[in-house]
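Take a look at the letters that make up each chain.
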Amino acid sequence: MRRGRPGPLTRGTGERTLVSVGNDISDDIDGDPEREAPPAERAISRLWHVTLSVSGPETPLTEVRRGLEQLAHDHPFLLTSRYATDHAEIRYWEEARDLHDAAAIALRLWGEHRSTAGLPPWETVGLEVIDRATYHQRVAEGYGPPPAVPVGVHPF
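A short tour of the structure in this document, coming up. (Residues numbered from 1 in each chain as written. Predicted model: local features only at pLDDT ≥ 70, side-chain atom pairs only at ≥ 80, totals over all residues. Heavy atoms only, no water.)

1. Quick notes on the environment of Ile 130
In step 1: Its location among the elements puts Ile 130 in strand β4 (residues 123-131).
In step 2: On the basis of relative accessibility, which here comes to 8%, the residue Ile 130 falls in the buried class.
In step 3: For the pair Ile 130 and Trp 48, spaced 82 residues apart in the sequence, the C-alpha separation amounts to 5.5 Å.
In step 4: Ignoring any residue separated from it by four or fewer positions in sequence, one finds Ile 130 in contact with Trp 48, His 49, Tyr 135 and Arg 138. (Helix = DSSP H or I, 4+ residues; strand = E, 2+ residues; numbered from the N terminus. Buried < 20%, exposed > 50% of the residue type's maximum accessible area, 1.4 Å probe, protein only. Contact = heavy atoms within 4.5 Å.)

This is the structure in structure tokens:
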């Protein structure tokens with residue numbers, strides 16, 4: 001499955017892209033689902049700031065850290081991760097057409113990388129997805145999380 005990342009959309013390659021119901025204008029132009037929409041008619045991707053919270057049974061800190069470092073390697077847009085023995089918070093930027101697509105991708109992140117990154121068997125317990133303008137407005141007003149500094153994987 002293709003994720004909503006930068007680059008041209010490819011049609012007829014057997015890959016599927018997450019889209020919101022009724023919002024994919026490139027799927028039905030003049031009744032031909034194989035014909036791609038002109039650039040001016042394509043849905044424009046936006047950046048979304050994602051905060052994903054996961055929790056579960058206690059896991060040794062070294063295993064949690066190793067898994068999160070591998071996730072950061074596998075998912076290059078990861079900004080920062082904070083962790084403890086029974087929970088973690090991951091913050092990153094996601095490019096997607098709309099909030100629904102960004103949230104769907106975020107909700108799958110932990111499960112899809114659990115085995116490849118060696119992540120603990122935790123479940124998603126929280127999700128916040130906000131657009132870039134809202135993120136910057138919150139930071140400028142002193143609300144919300146400060147910019148992700150230092151970048152990387154850190155204990156709480």
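2. Here we look at the pairing of strand β3 (residues 87-96)
In step 1: Most of β3 is tucked away: nine of the ten residues are buried.
In step 2: Across ten bridges, the pairing between strand β1 (residues 46-55) and β3 is antiparallel. Directly across from Val 50, in β3, lies its bridge partner Tyr 92.
In step 3: Sheet analysis places strand β2 (residues 78-83) next to β3, joined by five bridges and oriented antiparallel. (Pairing = 2+ DSSP bridges.)

3. Describing the packing of aromatic side chains
In step 1: Inspection of every chain in the model, using the stated rule, returns two aromatic pairs.
In step 2: Relative to Tyr 135, the ring of Trp 93 lies with its centre 5.1 Å away and its plane at 80 degrees, an arrangement referred to as edge-to-face. Highlighted residues: Trp 93 in strand β3 and Tyr 135 in helix α3 (residues 132-141), separated in sequence by 42 residues. Of the two residues examined, Trp 93 and Tyr 135, each falls in the buried class.
In step 3: For the ring pair Trp 110 and Trp 122, a centre distance of 6.0 Å and an interplane angle of 0 degrees mean the geometry is stacked. Of the two residues, Trp 110 is situated in helix α2 (residues 99-117) and Trp 122 in the loop between α2 and β4; the sequence distance between them amounts to twelve residues.
In step 4: Of the residues examined, Trp 110 reaches a relative accessible area of 1% and is grouped as buried. (Phe/Tyr/Trp six-rings, centres within 6.5 Å; stacked < 30°, edge-to-face > 60°.)

4. Quick look at the pairing of β1
A regular strand places its side chains so that they alternate between the two faces of the sheet.
In step 1: Pairing analysis gives eight bridges linking β1 to β4, with the strands arranged antiparallel. In the sheet register, Val 54 faces β4, and the bridge partner there is Thr 124.

All we've got here are geometric facts, nothing functional implied.
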